[in-house]
Amino acid sequence: MADNSKAEDVASDSVETAKSTGDKKEKLADQVMQNPQVLAALQERLDNAPHTPSSYIETLPKAVKRRIDALKQLQVKCAHIEAKFYEEVHDLERKYAALYQPLFDKRRDFIIGAAEPTDAEAEWHSENEEEEKLAGDLKNKVVIEEKEAGAAEETNPRGIPDFWFTIFRNVDMLSELVQEYDEPILKHLQDIKVKFSEPGQPMSFTLEFYFESNDYFTNSLLTKTYKMKSEPDKTDPFSFEGPEIIDCEGCTIDWKKGKNVTVKTIKKKQKHKGRGTVRTITKQVPNDSFFNFFSPIKVSGDGETLDEDSECTLAIDFEVGHFFRERIVPRAVLYFTGEAIEDDDNFEEGEEGEEEELEGEEEGEEEEDAESEPKKDASQPAECKQQ
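Since the structure is predicted, the reported quantities are computational estimates derived from the model, not experimental observations.

Engineer: I'm lost on the side chain of Ser204 in this one. Help?
Structural biologist: Here Ser204 lies in strand β2 (residues 204-211). On the basis of relative accessibility, which here comes to 13%, the residue Ser204 falls in the buried class. In this structure Ser204 touches His90, Phe196, Ser197, Thr225, Tyr226, Lys227 and Met228, once residues within four positions along its chain are discounted.

Right, dumping it as structure tokens:
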């Protein structure tokens, strides 16, 4: 019984001590909060604290947060419906690709010289028709004079020479990939096609590059397949913005002996550690070339992350593949003539010009305001502009 009494006394003392400590803390807190300097410092921190959407959400009542969670559930369901929408868009692309193909086949025949367009097919009225007519009349006059002087008649080359190579040269994204030793090979390129995956197959598209017989490789067809995904990420469903390329697969190029431009041979000297003799060895190392396009970096399926350089290379690869599919193949003639490139440039310049004009208007308004303000404000132009 004596032991129990002692234990009760100790517990009672502990409670009293804790209560006393708590009272002291409360009194200290009250004293601190009554200090004007402390209050000013706290207010300043609150004023300078960033007001982000997340900080606002944190202040909402629990019932409102619960409703927001329900909205997010709905948003996830919307993302899955959107994924189905893009799958049907892919089916439509496949359907209409079949309708485009006869026109693209005729384009190929005109390019390689397998067929000649009729007068009706070759009739085209340009915007500068009158200027071209005057230039044509002048040219005819010169031709007549040359014929009278016994000049040789104008040659008529087969098809449209260097059609695809010219596109590569015109488009910056492609010309950056092409080396000087790639150029004679690309002059043998006769056609590029886009082939969509079949119904029921995983979403993908394949770029097909058709080459005529040449001195560099035996392949008549080189392919590059891009695998796509059209479903929200389970860990981040709100990041879904449509189909994305997730991997790509090239093909093997059967290079003829000594013609492989994707490697180069270097000579290296080696010194024997014991005897001190020196020997020269030859070694093949990778070489920059457009044809590395057909040997892409493989995306690891085991969750292994790529290094920064590899990720950058892969991102550029995906961008080039998408550009071939969306722009180059459907509008090839306009990239050959440069009209599509000029349109892109004009659009970009228009945006910049608009922005500059708006900036000029804003500066003008600021100048007017500065003139209307009293002189004491005009003495701080830098601060006015910053505001």
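Having seen the structure, we can now continue with the description.
Engineer: Hey, could you run me through the side chain of Ser230 in this one?
Structural biologist: Tracing the chain through its elements places Ser230 in the loop between β3 (221-229) and β4 (244-249). Of the polar contacts made by the side chain of Ser230, one reaches the backbone oxygen of Ala83; its length is 3.2 Å. Ser230 has contacts with Ala83, Tyr86, Glu87, Met203, Phe240 and Pro243, leaving out every residue within four places of it along the chain.

Engineer: I tried to follow the sheet that holds β3 on my own but got confused; where do I start?
Structural biologist: Within a sheet, adjacent strands bond to each other through the backbone by hydrogen bonds, running parallel or antiparallel. As summarised here, the arrangement of the four strands in space is β1-β2-β3-β4, forming an open sheet in which the pairing is antiparallel. Sheet topology places β1 (189-196) and β4 at the edges, where each strand pairs with a single neighbour. Neighbour to neighbour, the strand axes of the sheet diverge by 20 degrees on average, direction disregarded. In terms of strand pairing, β1 meets β2 through seven bridges, oriented antiparallel. Residue pairing in the sheet places Phe196 in a bridge with Phe205 of β2. The sheet strands contacting helix α4 (residues 62-112) are β1 and β2, and the helix crosses β1 at an angle near 170 degrees. Along the sheet, helix α10 (residues 308-328) contacts β1, β2, β3 and β4; its crossing angle with β2, the most-contacted strand, is approximately 75 degrees.

Engineer: Honestly, the pattern of salt bridges in this entry has me stumped. Any pointers?
Structural biologist: Considering all chains together, one arrives at 13 salt bridges under this definition. Here Arg94 makes a salt bridge to Asp91, at a shortest N to O gap of 3.1 Å. Separated by three residues within a single helix, Arg94 and Asp91 lie in helix α4, roughly one turn from each other. Judged by relative accessible area, which is 17%, Arg94 ranks as buried. Among the ionic contacts, a cluster of salt bridges with common partners joins Asp105, Arg108, Asp109 and Lys193.

Engineer: Please explain the packing of aromatic side chains as it appears in this structure.
Structural biologist: Aromatic ring pairs are described here by two measures, namely the spacing of the ring centres and the angle between the planes. Inspection of the entire model under this criterion finds 25 aromatic pairs. Seen from their ring centres, Phe217 and Trp255 are 5.5 Å apart, and the 80 degrees between their planes marks the pair as edge-to-face. Of this pair, Phe217 sits in the loop between β2 and β3 while Trp255 is found in the loop between β4 and β5 (263-271), placing the two residues 38 residues apart along the sequence. Here Phe217 falls in the buried class, since its relative accessible area comes to 2%. A cation sits over an aromatic face here: Lys224 above Phe293, 3.5 Å from the ring centre. For the cation-ring pair, Lys259 lies above Tyr216, with the distance from its terminal atom to the ring centre recorded as 5.6 Å.

Engineer: Is there a simple way to think about the nonpolar core in this case?
Structural biologist: Grouped burial of nonpolar side chains is what soluble globular proteins tend to show. Counting residues in hydrophobic clusters, the biggest one holds 46 residues, and the most contacted among them are Phe168, Phe209, Phe291 and Phe324. With six residues, α10 is the largest single contributor of residues to this core. Not counting residues up to four positions away in its chain, the partners in contact with Phe209 are Phe168, Leu189, Asp191, Ile192, Ser220, Leu221, Leu222, Phe290, Phe293, Phe294 and Phe324.

Engineer: Teacher, can you tell me more about a negative patch on the surface here?
Structural biologist: Residues Asp307, Glu308, Asp309 and Glu311 make up a contiguous surface patch of negative charge. Along the polypeptide, Asp309 turns up in helix α10.

Engineer: For this particular structure, what's the right way to read the environment of Thr225?
Structural biologist: Following the sequence through the fold, Thr225 ends up in strand β3. Once the C-alpha coordinates of Thr225 and Ser204 are considered, the two residues, 21 residues apart in sequence, prove to be 7.0 Å apart. Among residues more than four places away in sequence, those in contact with Thr225 are Ser204, Phe205, Thr206, Asp247, Cys248 and Glu249. Here Thr206 takes part through its side chain, which lies 3.0 Å from a polar atom of the side chain of Thr225.

Engineer: What is the right way to look at unusual backbone geometry in this model?
Structural biologist: Backbone phi values are negative for most residues with the exception of glycine, while trans is the configuration of most peptide bonds. Positive phi values are uncommon outside glycine, yet Asp162 reaches one of about 55 degrees. Relative to the assigned elements, Asp162 resides in the loop between α6 (129-148) and α7 (163-170). Of the residues examined, Asp162 reaches a relative accessible area of 31% and is grouped as partly exposed.

Thresholds, definitions, all that
- Residues numbered from 1 in each chain as written.
- Predicted model: local features only at pLDDT ≥ 70, side-chain atom pairs only at ≥ 80, totals over all residues.
- Heavy atoms only, no water.
- Helix = DSSP H or I, 4+ residues; strand = E, 2+ residues; numbered from the N terminus.
- Buried < 20%, exposed > 50% of the residue type's maximum accessible area, 1.4 Å probe, protein only.
- Contact = heavy atoms within 4.5 Å.
- Polar contact = N/O pair within 3.5 Å; in protein donor to acceptor, adjacent residues only side chain to side chain.
- Pairing = 2+ DSSP bridges.
- Axes fitted to C-alpha atoms, helices over the stretch in contact; angles between N-to-C directions.
- Salt bridge = Lys/Arg side-chain N within 4 Å of Asp/Glu carboxyl O.
- Phe/Tyr/Trp six-rings, centres within 6.5 Å; stacked < 30°, edge-to-face > 60°.
- Lys NZ or Arg CZ within 6 Å of the ring centre and 35° of its normal.
- Core = buried A, V, L, I, M, F, W, Y, C linked by side-chain atoms within 4.5 Å.
- Patch = residues over 30% accessible without salt bridge, like charges linked within 9 Å, V, L, I, M, F, W, Y side chains within 5 Å.
- Areas by Shrake-Rupley, 256 points an atom, 1.4 Å probe, with all protein chains shown as cover.
- Lys, Arg positive; Asp, Glu negative; His and termini not counted.
- Charge placed at Lys NZ, Arg CZ, Asp CG, Glu CD.

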